[in-house]
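Now for the letters of each chain:
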Amino acid sequence: ELRMERALAAIERCSRPLFSDPLLLLRASPPELEAYRLCLDARPTSRQHFWVFGGLYGLHLLGWLRRGFSPSQFLFVRMASLPRAAADVPALQKELATFLG
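Cut-offs used in this document
Residues numbered from 1 in each chain as written. Predicted model: local features only at pLDDT ≥ 70, side-chain atom pairs only at ≥ 80, totals over all residues. Heavy atoms only, no water. Helix = DSSP H or I, 4+ residues; strand = E, 2+ residues; numbered from the N terminus. Rg over C-alpha atoms; globule rule 2.2 N^0.38 Å. Buried < 20%, exposed > 50% of the residue type's maximum accessible area, 1.4 Å probe, protein only. Contact = heavy atoms within 4.5 Å. Areas by Shrake-Rupley, 256 points an atom, 1.4 Å probe, with all protein chains shown as cover. Lys, Arg positive; Asp, Glu negative; His and termini not counted. Charge placed at Lys NZ, Arg CZ, Asp CG, Glu CD. 1 Å grid on protein atoms, 1.4 Å probe; cavity = no way out; pocket = protein on both sides within 12 Å on 5 of 7 lines; lining within 4 Å. Points joined across faces, edges and corners; volume = space filled by probe spheres on them. Nonpolar A, V, L, I, M, F, W, Y, C, P; charged D, E, K, R; others polar.

## With respect to the overall build of the protein chain
- For the protein chain, the helix and strand inventory stands at six helices and zero strands.
- Rg of the C-alpha trace for the protein chain: 17 Å, well past the compact-globule value of 13 Å for 101 residues, more than 25% over.
- Dimensions along the principal axes, computed over C-alpha positions, put the protein chain at roughly 45 × 35 × 25 Å.
- Considering the protein chain as a whole, with its 101 residues, one finds that 21% of them fall into the buried category.
- Counting contacts in the protein chain only where the partners sit at least 6 residues apart, residues at least 24 apart contribute 54% of the total.
- Summing over all exposed atoms, the protein chain offers an accessible surface of approximately 7600 Å²; the carbon and sulfur share of this is 61%.
- Across the protein chain, the centroid of the 13 positively charged side chains sits 3 Å from that of the 9 negatively charged ones.

So, in structure tokens, the structure goes:
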């Protein structure tokens with residue numbers, strides 16, 4: 001699809017190496033990671049990839065961890081785990097309340 005092609009091209013323009021090998025994010029220096037995030041967050045770029053970029057939560061998570069947040073401060077809920085029926089909502093609410101304290 002053309003939108004996907006444009007979105008991926010916008011992400012690739014920010015860093016061909018990171019686009020080609022996302023695991024490099026784990027070894028990127030703070031300035032490299034910040035430069036990549038700033039490029040991705042730039043308005044012209046973000047308008048092209050906003051619906052793809054939201055799925056790149058790992059990049060955002062690395063940024064928060066480098067800013068001093070603890071891994072235990074994050075809770076990821078898989079879309080497949082979200083309740084489909086109203087009767088299942090209280091169980092998820094309880095888990096969220098436990099996490100939030």
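## Structural notes on the layout of surface pockets
- Taken as a whole, the second largest pocket encloses approximately 160 Å³ of empty space.
- In this structure, the second largest pocket is lined by L75, F76, V77, R78, S81, P83, D88, A91, L92, E95 and L96.
- Residues that form the lining of the second largest pocket fall into these classes: seven nonpolar, one polar and three charged.

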